[in-house]
Structures are given as structure tokens and as C-alpha cells.
Amino acid sequence: MEQRRAIRCLLGVVAAVLLCSVTSAQLRYSIPEEVNEGTVVGNAAKDLGLDRNTLKERRYRIVSSTAEPLFYVSQTDGILYVSRKIDREKECPQSSTCVMNLKTVLENPLEVHYVGVEVVDINDHSPNFSEEETMLDIYESVLPGARFQLKASQDADSGQFSVQHYKLSDNEYIRLEVKDKGKEGKIPILVVKKSLDRETTGHISLVLTALDGGKPPKIGDMNILINVLDVNDNAPVFSKDVYSVMLDENAPIGTTVIQVNATDLDEGPNGDVVYSFGKSTNEKLVQLFDINKNTGDIVVKGPIDYEENDMFEIEIQASDKGFVPLTTEKSVIIKIVDINDNDPEIEVTSFSSSIPEDSKPGTTVALISVNDLDSGLNGKVICSIGEDVPFALSPSLQDKMYSLVTKSPLDREKISKYDISVVARDAGQPALSSEKTISVFISDVNDNSPEFSSSPYTFYVTEGNDAGASVFSVKASDRDENDNAAISYHIVRDGREGSKLSSFLSINTENGQISALKSFDFETLKSFQFQVVATDGGSPPLSSNVTVNVFILDRNDNAPVILYPVSSNGSAEGVEEIPRNMKAGDLVTKVRAYDADIGYNGWLLFSLQQVTDHSLFTLDRYTGQIRTLRSFTETDEAEHGLLILVKDNGNISLSATATVTVKLVEPKEAFAASDVKRAAAKVDEEDDNVTFYLIVTLGSVSLLFVISIIVLIAMQCSKSTEYTSKYLQDANYDGTLCHSIQYRSGDKRYMLVGPRMSIGSTIVPGSHANTLVLPDRRRNSQKLNIISQSSVFATLSSPFSRPFVCNCASLHVLTC
């Protein structure tokens, strides 16, 4: 009885409590999954407006049916905490939004408040294949393009953290395609890209990697082993490339949707085809559709609801009954309602893949027709191309026909190929479009002349080249192609002065190599110019010409020539009479020479090879001056022989020698010998006045002695004080100032007229004569011998610097 009474009391209390007013409120918080235990979610008491001082007294708590609740609330401060780590994928599987609804309760009076906590997904799961390794059997005779669908990788995460794309390890036989099936995820498909050969490659090992959308992404791998088999090498082939069908959403169960048909060229069991759904077919599709494995009929199996799906794509697999079956997969698209679900189709009915670059605007390139299986506005198609190409679409009189024509000039050398994207768009809502690329190649016409790599050309050829050998080449290019760019070369020979020299040249018509038919000589030809014409092989041909400047370079092919001393028979020998009373350092004579070469090849050096007495004479190696080393004594010989070597500074030196015989005479004999003879002759003629003529003779000797001293001083200074020069007009004279040098050999006197230069300069003759007229005041009756040269090159010799080459107007050597 007491127990029953207690139960009745308890029921009364509960009833009283239920009669009390119940107040409720709503809160919503958001936290990421996998946070640590004790993480603060929010101050629920404060957000609900509860008095924190009464929480403990009113036993503020969370009412949960689970033994291990995910959250708890503090009765001290009313803060909501995480009681353990939360795995969103476990708590809310296959849900895009995960919200935990908590019921919080306070007593005295009873209050119930509902708090919602949204658990936000983080990328805490990697993609995972159902199999770590899968094996595929592929026959070696499978054609490129064969497709093998694999099971998709699964990722417990959702949204962007789910599987986003796949990668396949590099190989030469298999490539990867990914089909996006929307809610069903992305399906990897292996496509054969190169014919297989079991004898060379029996097994192919691949790694398929699935990547989610995290940053950085998480990955999952599956090893794929492909066995290449050498049997039953013909797989079933579907009769169509694409199967598409319209189906009313109210179609009764058992309605035939479409029949797929595949044939196998093999015989017997290898040619018998059975049909089935592909391995990646979703279970929901299997509940809605079925396929007859023998006939290929696809029939409705379950109710079709448009609001759930407006289109189904079923992978149909056709397999033969071979020992190792071969399979082929094809997609069947089932469209549920008749809306604007057909893309426009583009067909090129007539196409010229290549047009000449000189085609006029308006030239027709292709005829294009478009079609749309829809009707009404959904079937009305507008066709367009980009504005950045020199082509335009011109509508035809016939509906849905267009002409692709040129709208501006073409230039193959700038763009030789155009990939024109033709876009067809219908007028449906939303509009559907398709795109097709047409490649138009621009063919070449001969509209570019050959262009030389340089203009003008300048070449330097060393004299003495081998006749017939190639000396230089010219090169031209043509921006056209094929025969229009085939270039031939020839030299212009029109009879002009420059072209006359080109007759000594030959050119290879194919490569532009130019050969010299003769050996060039710098001393006779310094430079010349000619024209080369390059002609292409077009019709009509185009050509261009270029000027070629050729400069002949000197080499050491001329030996020095002795100007002084020179004997009457032409040999380099001479006799010098000098007074015995000459002092040390006095000038005895000067050896003069020239070299027809220039530069180092024409820079002359003098050396003393042989001498009777080495203590008497010295030779300046740069000027050729012979001077005394000491004064003469009574014991010195009266006659001394000197052998002088003159050589140039070429790589292989050339040389000449001169012999100078020095005779010592008494001072009076040296200057009065000729006048004494003349005076003796006069004595013979005028016997009656001997004394008078003797006085005249002595006076003349004295005068001649003074004149000789003046001449000797003039020779030392290398300047003429007794004679003047007069030049004849020369068109080639460049205005270079010149001066004269006088010297004496026996009874002959020489004068050199040439460029102004220092003592010891080497005179090098060229061509084009200028003549110097020299009046002789000593012997008017004696014949003047004149040697004239011009275009002189003077090489100034210096032991401290390289030779300096200058061009002078003329060089004249006079002998009187």
C-alpha cells in the first residue's frame, strides 16, 4: 500500500510539473569537425538570456539519449563545450549539411531550449578506391579508342573536398578520360591510345591517382595491371556511335526504351554477344532499368520521376563469349522530357582545305549546314565565327546554310593556317550551342622577292689566291615556299668597268659560292665591285640584286728593290769617295730601297753583312745611313768594301743586297778633281795667258769647294736648296705634300721626289705617273734620265712603333 501511495505521489508531481509553463528558445552554432575535447562552442546561457547564478540550482544540462554525448554544458557559467572529437562523416553520413540538435533543460520551473550545432566538414579523409589493385585483360588486337570504365574512388568528405579529378601514370599505351556524372561523382575511364602487341608488351602496370579539392589535395592510389592477351582479337562493335532516346516520365513498367545492337566479327562463341550494364552503373539505375542480355533491349523496371532526374546515361557493355571475353562499352542517353535538350549539329557539306594567299575578298572556302533536332524556337539556329580571322559567314538562300568566305586579303608568310571555330547556337531557353573547328591552309604564291642576308656585301681576299678556288659566298632567302623559294644566283655582266672584272669570277647558281678564275695581284688591283642577282623559281620569277665590294689584301710577294747604289749595268753596286779627314759620326752615304708591298711586308730593315774593317763603319738599320765610327788614320786602307742586306718584315722575309765600295781620298782631290781637268784643258787652249787661267782655276776650285760643302749640308738635312720641282696635273693626285732627297754616286747625281717623311723612310712605288722636270745648272748639255712613279706608299720605319702607311701622289728618281 505504501509503495502504491508513493507511485501516486510521484505521478502527481509529474502532472504538476507538466502543468507548469514551459518556455523554449532556439540557438545555432557552427564548429569544424575533429576539434579537440573541451573546445568552446558558445555561451548558451548568455545567448539564451539565462541567469548564470541559478544554473546550478536549476540543474542546467543537456538531455541526450546516447551514453556518450558529443557536447556538455557547464552549470557554472552556461558555456557549451565539446565533450569528444566529432567525426562529421560518421555522425552525418552522405549528408551535405550536418546539424546536431541539442535539448537543454532547466528545472524549477521547467524550461527546454533547443540548440543547433552545425559541424562543418574539413578535408580529413583521403580518396579511397574499393580495391587497392585491379586487373584488366585486354586483347592485343584491340583498336585505339577502346574504353574501359573503372570503379570510382570514394571520399568520405563532401563538396569541394570530395574527389575532383584523376591522374594516370605516364605510359605510351593508355590514356585517361573522366566522365562527370554529377551527383554520382567522377568516373575514370581507361582509353587505349596505341595498338598493343603482346609479343613486345605482355603486361602494363599503371597507377591511377584520385585527388580531392583540398589545398594541398589528398590523394588515393590504385594499381592497375593490364594483361595483354593474344586470343579472340575482335571485340563487339556497336552499330551506332551514340545512343540517345526520348522517354516519357510516365512510361509504364516493361516499356522498351531502346535496343542496342553490337556485332562481333569473330565466329562461334567468340562472336556471340551478350549485353549488360557497365561496372560503374549506379545501383539506382539498376532499380529503374533492366536490359535483356540476349537482345539488347533496355526496358523500364521502376517508376520514372522527372523531378529526380531529367536524363539518364547508362553504360552498356557488350561482351562476347570467348574464353577471355572481349567487351565494348557504349553510353545510352535517355532523355525524359521534350525540352530544349538537343544541341545544334554542324556539318561541312563542301570544303576547300587550301586556298591561294592572293584570293580576293569574297572567295568561298566552305559550305556549312546546321541542324537542330528540336522544334520551334529550340530548333532555330544562328551560326557565327570569331572576329579575329579574315573570314566571314554569309547566309545562303537555303535555310540553315552558310558560306564561309574571305573578307580581307591573306598573307601566307604571316599566317599559313587558320583554325576557324564555327559556333551554332539555338534560340531555346536556355540556348544550346555546338562548335566545330575548320582548318584552312593558305597556299603560297610567288609574292616575295629573294632577300640577301647582307647588303652590300664586303669581302677581303688575300692576293695570290688559287685560281678556281672558292673565295667567298653570298646567301639569299625567300619567304615563299617550295619552287617559289628555290633561289638561283648569277653575276651581272653588262660591260661596265666593274663588270669587266667580274668576268674573272664564277658563281655556283645553287649555293652562291663565288670562285676566282684568276689569281689577284694587290699591286695591280686594290678593289673592285660587281653585282649578284638572286632569282626564285616562281612563275613569273622574282629577283633582287646586291652589290659586292671586294678588297684585295696585300701579302709579301715583292722583294725589296735597291734604288741606290745602282751601277751602270743595273746591279746594286756603287763607289763612294770620301775625304780621309772625316770625323766619327759623319755620313758616308745612304742605301736607299723600296718594297712594292705595304704594311709590315713593305717595312724595310738594313743590316751590315760584310765589311773590311768593323771598327770604321756603322749602318743604321732603319734609315740605311752609313756613318763613320771613328776618324781615319794613316794606317787605314784606302778602299773598303761593305755588303748591305735589305729585308722586309713579312712573315717570310724577302731581301736584296747592295755593295758599297768606300774610297778614302785627300780632301782636295775629293772636291776638285773634275775642275782640275777642266782647267788643264783650258791651259792647253790658251797658252798665252797661263797665269790668268791659273788664277781663274784656283778661284773656281775654291768656289766649287764652298758649293760642295753646301751640297753636303743639304744632303744631311734631306732638303733641296738648289733645285725646284714642278708637278704636272694628275687627276688622281690627293694633295699630299712631297719633298725631294738628293744624293750622289760617282759622276752622277740623283734626286728622289716623294711624300714628306722622316729620314730613313722606305719608298714604295705604285702606278699612274707624274713627271718632275729638274733643270741642270752644272751640265746643260747632258741628257736627263727621268724615272717616274706615283701612288706611292711610304712606310715610316720606327723601332718603337708599328709602321705607318700613307699614300703619296708621286715618286720621281732623276739621274743627271
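For the structure given in this document, a descriptive report is provided here.

### Observations regarding the overall build of the protein chain
Helix and strand counts for the protein chain stand at seven helices and 54 strands. Across the protein chain, every contact between residues at least 6 apart in sequence was considered, and the portion connecting residues at least 24 apart equals 65%. When the accessible surface of the protein chain is totalled, it reaches about 44,800 Å², and 51% of it is carbon and sulfur.

### Focus: the pattern of salt bridges
The tally for this structure, following the rule as stated, stands at 17 salt bridges. With its nearest N and O atoms 3.1 Å apart, the salt bridge here joins arginine 412 to glutamate 413. Per residue, the accessibility class of arginine 412 equals that of glutamate 413, and both read buried. Shared partners join several salt bridges into a network, and the residues in it are Arg412, Glu413, Asp444 and Glu481.

### Details of the sheet that holds strand S31 (residues 433–443)
Across the sheet, which stays open at both edges, the four strands sit in the order S25-S31-S30-S27 with mixed pairing between neighbours. Of all strands in the sheet, those bounded by a partner on one side alone are strand S25 (354–356) and strand S27 (381–384). Each strand axis lies, on average, 30° off the axis of its neighbour in the sheet, ignoring direction. Across nine bridges, the pairing between strand S30 (residues 417–426) and S31 is antiparallel. Residue pairing in the sheet places valine 423 in a bridge with glutamate 435 of S31.

### Some thoughts on the sheet that holds strand S37 (residues 505–507)
Strand order in the open sheet formed by three strands is S34-S38-S37, with antiparallel pairing between adjacent strands. In this open sheet, the two edge strands, each paired with only one partner strand, are strand S34 (470–473) and S37. Across this sheet, the average inter-strand angle for adjacent strands is 30°, counted without regard to direction. Alignment of S37 against strand S38 (residues 513–516), held across three bridges, turns out to be antiparallel. Counterpart to leucine 505 in the pairing with S38 is alanine 516.

### Quick look at the side chain of glutamate 357
Considering the arrangement of structural elements, one finds glutamate 357 in the loop between S25 and strand S26 (364–371). Lacking a salt bridge, the buried glutamate 357 has arginine 412 as its closest oppositely charged neighbour, with an N-O distance of 4.4 Å.

### Thoughts on a nonpolar patch on the surface
On the surface, Phe705, Val706, Ile709, Ile710 and Ile713 cluster together into a nonpolar patch covering about 430 Å² of accessible area. Along the chain, isoleucine 713 turns up in helix H7 (residues 690–717).

### Focus on the packing of aromatic side chains
A full pass over the atoms with the stated rule returns 14 aromatic pairs. Ring geometry for phenylalanine 238 and tyrosine 243: centres 5.9 Å apart, planes at 75°, overall edge-to-face. For phenylalanine 238, a relative accessible area of 7% gives the class buried. Accessibility expressed as a relative area gives 1% for tyrosine 243, which makes it buried. Where phenylalanine 472 meets phenylalanine 530, the ring centres are 6.4 Å apart and the plane angle is 25°; that geometry is what we call stacked. Note that phenylalanine 472 is positioned in strand S34 and phenylalanine 530 in strand S39 (residues 527–536), a separation of 58 residues in sequence. Residue class for phenylalanine 472 comes out buried when judged on its relative accessible area of 7%. Between lysine 518 and the ring centre of phenylalanine 504, over which it is positioned, the NZ or CZ distance is 4.6 Å. It is lysine 526 that lies over the ring of phenylalanine 522; its NZ or CZ is 4.8 Å from the centre.

### Side note on unusual backbone geometry
In this structure, the amide linkage connecting serine 455 to the following residue, proline 456, adopts the cis form with an omega of -5°. Note that the residue after tyrosine 564, namely proline 565, is joined by a cis bond; omega there is 5°. Mapped onto the secondary structure, proline 565 falls in the loop between strand S41 (561–564) and strand S42 (573–579). Look at arginine 59: it is not a glycine, yet its phi comes out positive at around 55°. Here arginine 59 lies in the loop between helix H2 (44–48) and strand S3 (61–63). Of note in the backbone geometry, asparagine 482 takes a positive phi value of approximately 55° without being a glycine. By the element assignment, asparagine 482 lies in the loop between strand S35 (476–477) and strand S36 (487–491). You can call asparagine 482 exposed: its relative accessible area is 64%.

Rules used throughout
Residues numbered from 1 in each chain as written. Predicted model: local features only at pLDDT ≥ 70, side-chain atom pairs only at ≥ 80, totals over all residues. Heavy atoms only, no water. Helix = DSSP H or I, 4+ residues; strand = E, 2+ residues; numbered from the N terminus. Contact = heavy atoms within 4.5 Å. Areas by Shrake-Rupley, 256 points an atom, 1.4 Å probe, with all protein chains shown as cover. Salt bridge = Lys/Arg side-chain N within 4 Å of Asp/Glu carboxyl O. Buried < 20%, exposed > 50% of the residue type's maximum accessible area, 1.4 Å probe, protein only. Pairing = 2+ DSSP bridges. Axes fitted to C-alpha atoms, helices over the stretch in contact; angles between N-to-C directions. Lys, Arg positive; Asp, Glu negative; His and termini not counted. Patch = residues over 30% accessible without salt bridge, like charges linked within 9 Å, V, L, I, M, F, W, Y side chains within 5 Å. Phe/Tyr/Trp six-rings, centres within 6.5 Å; stacked < 30°, edge-to-face > 60°. Lys NZ or Arg CZ within 6 Å of the ring centre and 35° of its normal.

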